[in-house]
Amino acid sequence: MSAQDLPREAAPIPFILDGRPVEAAPGETLLQAAERAGVVLPRLCASEGLRPAGNCRACVVEIEGERVLAPSCCRAPSAGMVVKSDTPRAANARRTVLELLLADAPATDTLKHDSELAHWARETGARAGRFAAREAMVEDRSHPAMAVNRDACIQCTRCIRACRETQGNDVLGLAFRGGHAQIVFDQNDPLGESTCVACGECVQACPTGAIAPANGAFAKPSSQQVDSVCPFCGVGCQLRYHVDENDRIAHVEGIAGPANEGRLCVKGRFGFDYAHSPERLTRPLVRRAGVAKDPLAVGRRLTPEELRAQFREASWDEALDLAAAGFQRALQATAARGRASPVAGFGSAKGTNEEAYLFQKLVRSAFGTHNVDHCTRLCHASSVAALMEGLGSAVVTNPLRDVAHADFVLLIGANPAQNHPVGATWIKNAVKRGTRLVLADPRRTELARHAWKHLGFQPGSDVALLNALLHVIVAEGLTDPAYIAAHTRDFELIREHVAAFTPEAMAPVCGIDATTLREVARAYATAKNAMILWGMGVSQHTHGTDNARCLIALALVTGQIGRPGTGLHPLRGQNNVQGASDAGLIPMVLPDYARVGDGAARGKAEALWGLPAGTLGSEPGLTVVEIVDAAHRGEITAMLVQGENPAMSDPDATHAREALAGLRHLVVIDIFLTETATLADVVLPATAWPEKTGSVTNTDRCVQLGRKAVGAPGEARADAWITEQLAQRLGLAWRYGVAPDGSGSADATQGIAAVYEEMRALMPSIRGLSWPRLWREGAVTYPVADEADPGQPVVFTDGFPTADGRGRLVPAALTPPAETPDPQFPLVLITGRQLEHWHTGSMTRRATVLDAIEPGPVVSLHPQTAARLGLRAGAAARVASRRGAITLPVRFDDALPADTAFIPFAYREAAANVLTNPALDPVGKIAELKYCAVDVRPEATSA
């Protein structure tokens, strides 16, 4: 080994190991240096990514001149040090340590197949039974996700370090003394009653299986291991599926992806078995003739008898023919009247980029319309509108992990601990290293205890709060004049606009005192690097675009953009909402955000797609809520829905369900009979995420490869195959040859790879990311100009993709929510997600562990609010708005402000969107899902 093997910037440290000269890099331990030199030492308390502890002593070595053996995992080499790992003394000590640990291990290795302890015992020749075991301990099986067997625990503390230092959850600790010492949860509570969030980091860290999946998945080896990407939130964690001999996913572990570095959350680690649910669709279904669609029955799952009464099974050929024929009838009827296309499509942010691309291409090519959208319209449409307006691009400027380089982080309208849990760990890690976190949210969410300041502003008053911050920065001269002059325009408009928004004037509006507003503004503006993260609490308002305009202005006037640790990051919700938008699955743009009004962009797409010139119209299509409204009016008569569930996700869900039920032809492609699918005429069974290969783009703009791990059940087929088959029946000459089983290969000329390459031809942002390169590297962040470009995590380093290269500053006026509380509806309703459930619950509520942890809906209220309303915890409450009412149990939550209710929207039996307001942001066309007026009262006294 030589200095050439070390990182380029490292100054090597020479020392002697087992009689030969070696070199270590600064910061390396003896264990790491020895391993690179080919000397393998046992280790149990040491693990990649965890702080060294040195408490197991399985890796001890002799150091010349020192009396005692030294743990190599936490000892750094020094120049000239003489280290001996191969002496009898060191070898005997290591072997004895392992034999002592083996003494307490369970008699049968049922906890973790070939555990690290068993592996190192074999390597060192350690013998079991040499020492007496301590008294056996009772197993803890109180948690649905994990089981605890302390007989297998060697107290290496890897689980404690993983919980506290990696995930930042502070649940695990070491209690008692001497021979009675043990790992405990909280105050020695049963695991199932503790504050554990079931991220499973301790499971992954444990070297023996003392903490293991509750399903016994570690007890035997997996027959296959497949690396892929998590199918839930936008963080885009990479993971490894362990597949058993029955072609089922037995368990999951995190791997070193760019977004997670091995970390996972409860959904990513324990939410995988939805793919094996007995409720999976396995054959095409066709609605029986004469059976009406009942929008009022959507709130419950159909019994097998009801399912058979409404639908019959069909062959794929029959189902596809019927699906295509229905669309052709709708198009022909409208063509005869000379009207606009009556067809629309909802695609999915939970599929692959290739599926999204094919779907929007099908709608535009076969149906002659831009009426194609997906759930970004209900998540970040206002953020996208403001970013496109201000910066000329809607992408995040910096990856989420850039919080590690930030001195200050403003987190507003987002709850990463619930919605982006691995992302939250990076924030918590940054805070421990000294980053100041300001959490701006009406609720005091989990990250508040890590925050320097919690700004619990009045719901709906975001613009007042943010304009007050801007006022302080401008009035006190805390702007960056050089940056403003070089990279922005319309600063004078902002200066004049915010002059009236003094903290003293805005404090009564937003509920934050003027002193705090000034302190936060100064801290943001004067930080060396400051970063802004936001979520749907900012975007899901009728003033959501104005909220985002304010955040953009904060970054631009202070020059806090274009460097590591700065910038603007709207946290993308679902796993591929970024990629689906990039691929053109929105009504006003083609792939890579080329406006449909751009004739050159349309011409390029028409030529690539083999369409006659002029086929693609220049007018944007309808958005999600507009499509539903048009369907309700009878203007949209046929719809194709792929992996989307508007009967649950759309605001004023009763209205949406009536619209869907009134369609003359509805085709749904999905893996379950969702609430939307129950209203369909044809249901086509698709593949779940682990059953197909394709690319996906996370919130950081990182394109990653998802690989097929297991086969689909029954006759379920890949979404892209279904889309291609429909296209062919609708007269399009598509010949990609997509595999029906969802498989893919490195060959860029056929199947899903050919779709990707065609998509890439329309997307300059990924010009340099070919399919073979993605297959080889697995993850690359765009923009990527050519094959030699490693990708650009930080963008806008020297201007913006606007006509003049400058960012535009846009003033934001104070506008109230579309609906405010009154005596009839006196409370504010906030909706959102839960840690254990995602979106409409179609996947997570069919994951056994996730459903066991959070099995039913609740309305959360502050205890004082509940007491005033005569409600006790667990009692049934009726929550009503101007649009409908639902009944669900009460949960006390003192993190909520007074006179505010919170309801997660994953539960069909108490769908929060029955209540929500469909009023739209005039620019982003996003609904005000985060604010509406409700009445909450005990169910027994409801009118």
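The residue count restarts for each chain, going from 1 along the sequence in the order it is written. In keeping with the model being predicted, local features are shown solely for residues with a pLDDT of at least 70 and side-chain atom pairs are shown and tallied solely at 80 or more, while totals for entire chains, interfaces and linings include all residues. Water and hydrogen atoms were dropped before computing side-chain values, which therefore reflect all heavy atoms in the structure.

Caption draft 1: Structural view of the overall build of the protein. Scanning the protein from N- to C-terminus turns up 29 helices and 39 strands. It is over C-alpha atoms that the radius of gyration is taken, and the globule rule equals 2.2 Å times the number of residues to the power 0.38. Expected size for 943 residues packed as a compact globule is a radius of gyration near 30 Å; at 29 Å, the protein falls within 12% of this value. Each principal axis of the C-alpha atoms in the protein carries an extent, and together these give about 95 × 70 × 65 Å. Sorting the 943 residues of the protein into buried and exposed places 63% on the buried side. Only DSSP runs of H or I with at least four residues qualify as helices, and only runs of E with at least two residues qualify as strands; both kinds are numbered from the N terminus onward. Think of it in three bands: residues with accessible area under 20% of the maximum for their type are buried, residues over 50% are exposed, and the middle band is partly exposed, with areas taken using a 1.4 Å probe on protein chains only.

Caption draft 2: Representation of the layout of surface pockets within the structure. Taken as a whole, the largest pocket holds about 1200 Å³ of empty space. If you go around the largest pocket, you meet 43 residues; those closest to its centre are S47, Q204, A205, E253 and G254. Those elements that place two or more of their residues in the lining of the largest pocket are α4 (158-166), α5 (201-205), β11 (238-243), β12 (249-254) and α12 (421-432). Amino acids are sorted into nonpolar (Ala, Val, Leu, Ile, Met, Phe, Trp, Tyr, Cys and Pro), charged (Asp, Glu, Lys and Arg) and polar (every other residue, Gly among them). When grouped by side-chain class, the residues that make up the lining of the largest pocket number 13 nonpolar, 13 polar and 17 charged. Cavities and pockets were defined on a 1 Å grid built from protein atoms only: a cavity is a group of points that admits a 1.4 Å probe but offers it no way out, a pocket is an open group of points flanked by protein on both sides within 12 Å along at least five of seven lines, and a lining residue is one with an atom within 4 Å of any such point. Grid points are joined across faces, edges and corners, and a volume is the space filled by probe spheres set on the points.

Caption draft 3: Representation of the confidence of the model for the protein within the structure. For the protein, mean pLDDT is 94; residues scoring 70 or higher make up 98% of the total. Values of pLDDT, which run from 0 to 100, indicate the predictor's confidence residue by residue. In what follows, residue pairs with any heavy atoms lying within 4.5 Å of each other are defined as contacts. This model gives residues 1-6 a pLDDT under 50, and the stretch forms 13 contacts once residues within four places in sequence are excluded.

Caption draft 4: Broad picture of the packing of aromatic side chains. The rule is short: rings of Phe, Tyr and Trp, with Trp giving its six-membered ring, pair when the centres are within 6.5 Å, and they are stacked under 30 degrees, edge-to-face over 60, tilted in between. Scanning the model with the defined rule gives nine aromatic pairs in all. Ring plane angle 45 degrees and centroid distance 4.9 Å describe the contact between F327 and F367, whose orientation is recorded as tilted. On the criterion of sequence distance, the pair formed by F327 in helix α8 (residues 316-337) and F367 in the loop between α9 (353-366) and β16 (372-373) is long-range, its members being 40 residues apart. Here F327 and F367 have matching classes, each one buried. Aromatic side chains W771 and W775 sit 6.2 Å apart centroid to centroid with 40 degrees between the ring planes, which places their arrangement in the tilted category. In this pair, W771 and W775 are both assigned in helix α27 (residues 771-777), four residues apart and thus about one turn of the helix distant. Judged by its relative accessible area of 27%, W775 falls in the partly exposed class. These aromatic residues form a ring-pair network of at least three members: Y756, W771 and W775.

Caption draft 5: Layout of the nonpolar core. Residues belong to a common nonpolar core when they are buried Ala, Val, Leu, Ile, Met, Phe, Trp, Tyr or Cys residues joined through side-chain atoms within 4.5 Å. With 201 residues, the main nonpolar core has Y274, L551, L554 and L568 as its most contacted residues. It is helix α13 (residues 462-475) that provides the largest number of residues to this core, a total of ten residues. Within the second largest apolar cluster, 33 residues are counted, among which are C45, V61, V97 and C156.

Caption draft 6: Examining the sheet that holds strand β32 (residues 827-832) more closely. For two strands to be treated as a pair, DSSP must find no fewer than two bridges joining them. Spatially, β32-β36-β33-β35-β34-β39 is the arrangement adopted by the six strands of the closed barrel, whose pairing is mixed. Taking the axes of each pair of neighbouring strands and ignoring which way they run, one obtains an average angle of 45 degrees across the sheet. Relative to strand β35 (residues 885-892), strand β33 (residues 859-861) runs parallel, the two being bridged by three bridges. Along β35, the bridge assignment pairs L861 with F892. Think of each axis as a best-fit line through the C-alpha atoms, taken over the contacting stretch in the case of a helix, with angles from 0 to 180 degrees between the N-to-C directions.

Caption draft 7: Focus on the side chain of S85. When you line up the elements, S85 lands in the loop between β5 (82-84) and α2 (88-104). Residue class for S85 comes out buried when judged on its relative accessible area of 4%. Side-chain polar atoms of S85 contact the side chain of D18, separated by 2.6 Å. Excluding its chain neighbours within four sequence positions, the residues that come into contact with S85 are D18, V39, L41, V61, A90 and R94. The definition of a polar contact used here is a pair of N or O atoms within 3.5 Å, where within protein one atom must be able to donate a hydrogen and the other to accept one, and adjacent residues in sequence count solely through side-chain atom pairs.

Caption draft 8: Up close: the pattern of salt bridges. Salt bridges are defined by distance alone: a side-chain nitrogen of Lys or Arg within 4 Å of a carboxyl oxygen of Asp or Glu. Inspection of the entire model under this criterion finds 52 salt bridges. Linking D104 and R134 is a salt bridge whose minimum nitrogen-to-oxygen distance equals 3.7 Å. Taken together, the residues D104 in helix α2 and R134 in the loop between α3 (116-124) and β6 (146-148) connect sequence positions 30 residues apart. A residue is classified by how much of its surface remains accessible, and D104, at 21% relative accessible area, is partly exposed.

Caption draft 9: Representation of the sheet that holds strand β10 (residues 224-229). Taken in spatial order, the three strands of this open sheet run β10-β11-β12, and their pairing is antiparallel. The sheet terminates laterally at β10 and β12, the two strands that pair on one side only. The sheet shows a mean angle of 25 degrees between the axes of neighbouring strands, taken without regard to direction. In this sheet, β11 lies alongside β10 in antiparallel orientation, the contact comprising six bridges. Along β11, the bridge assignment pairs Q224 with V243.

Caption draft 10: Spatial organisation of α12. Any helix carries an expected span of 1.5 Å times its number of residues minus one. Along its twelve residues, α12 runs 17 Å from first to last C-alpha, staying within 8% of the 16 Å computed at 1.5 Å per residue. Among the twelve residues in α12, eleven count as buried, and that is most of the element. The elements touched by buried residues of α12 are α4, α6 (266-270), α11 (416-419), β18 (436-440) and β21 (530-534). Remark: G434 follows α12 within two positions and exhibits a positive phi of approximately 115 degrees.

Caption draft 11: Structural view of the pairing of strand β7 (residues 172-175). Relative to strand β8 (residues 182-185), β7 runs antiparallel, the two sharing four bridges. Bridged to L174 within β8 is I183. Hairpin connection between β7 and β8: a loop of six residues separates the two successive antiparallel strands, and F176 in this loop has a positive phi of roughly 70 degrees.

Caption draft 12: Representation of the pairing of strand β37 (residues 917-920) in the model. In this sheet, strand β38 (residues 927-928) lies alongside β37 in antiparallel orientation, the contact comprising two bridges. Directly across from L920, in β38, lies its bridge partner A927. Hairpin connection from β37 to β38: six residues lie between these consecutive antiparallel strands, with K925 at a positive phi of about 60 degrees.

Caption draft 13: Layout of the environment of E193. Note on placement: E193 falls in the loop between β8 and α5. Along the backbone, E193 and L730 are 537 residues apart, and their C-alpha atoms lie at a distance of 56 Å.

Caption draft 14: Here's a closer look at the packing of α13 against helix α15 (residues 491-498). Where α13 contacts α15, the axes come no closer than 9 Å and their chain directions differ by 110 degrees. Of the possible angle classes, the one that applies to α13 and α15 is roughly perpendicular. Residues N467, L470, H471 and V474 of α13 touch α15, and the partners they reach there are F491, R495, H497 and V498. Of the residues assigned to the contact of α13 with α15, the class counts are four nonpolar, three polar and one charged. What sets the label is the angle itself: under 35 degrees gives roughly parallel, over 145 gives roughly antiparallel, 65 to 115 gives roughly perpendicular, and the rest give oblique.

Caption draft 15: Broad picture of the environment of P764. With respect to the element layout, P764 can be found in the loop between α26 (751-761) and α27. Along the chain, P764 and V784 lie 20 residues apart, while their C-alpha atoms are 8.3 Å from each other. With residues near it in sequence (within four places) discarded, P764 still touches D592 and V784.

Caption draft 16: Region of the structure containing unusual backbone geometry. A cis amide bond links Y782 with the next residue in sequence, P783, at an omega value of 5 degrees. Tracing the backbone through its elements, the reader meets P783 in the loop between β30 (779-781) and β31 (807-808). With phi around 60 degrees, F796 is a residue other than glycine that occupies positive phi space. Among the secondary structure elements, F796 is positioned in the loop between β30 and β31. Looking at F796, the relative accessible area reads 10%, which means it is buried.

Caption draft 17: Structural context of the state of the cysteines. When two cysteine sulfur atoms are found within 2.5 Å, that pair is recorded as a disulfide. In this structure the tally under the stated criterion is zero disulfides. Take C45: it sits in no disulfide, and the sulfur closest to it among the cysteines is that of C56, at 3.6 Å. By relative accessible area, which is 1% here, C45 ends up buried. C379 takes part in no disulfide bond, and the closest cysteine sulfur to it belongs to C375, at a distance of 4.4 Å. Residue classification places C379 among the buried residues on the basis of a relative accessible area of 3%.

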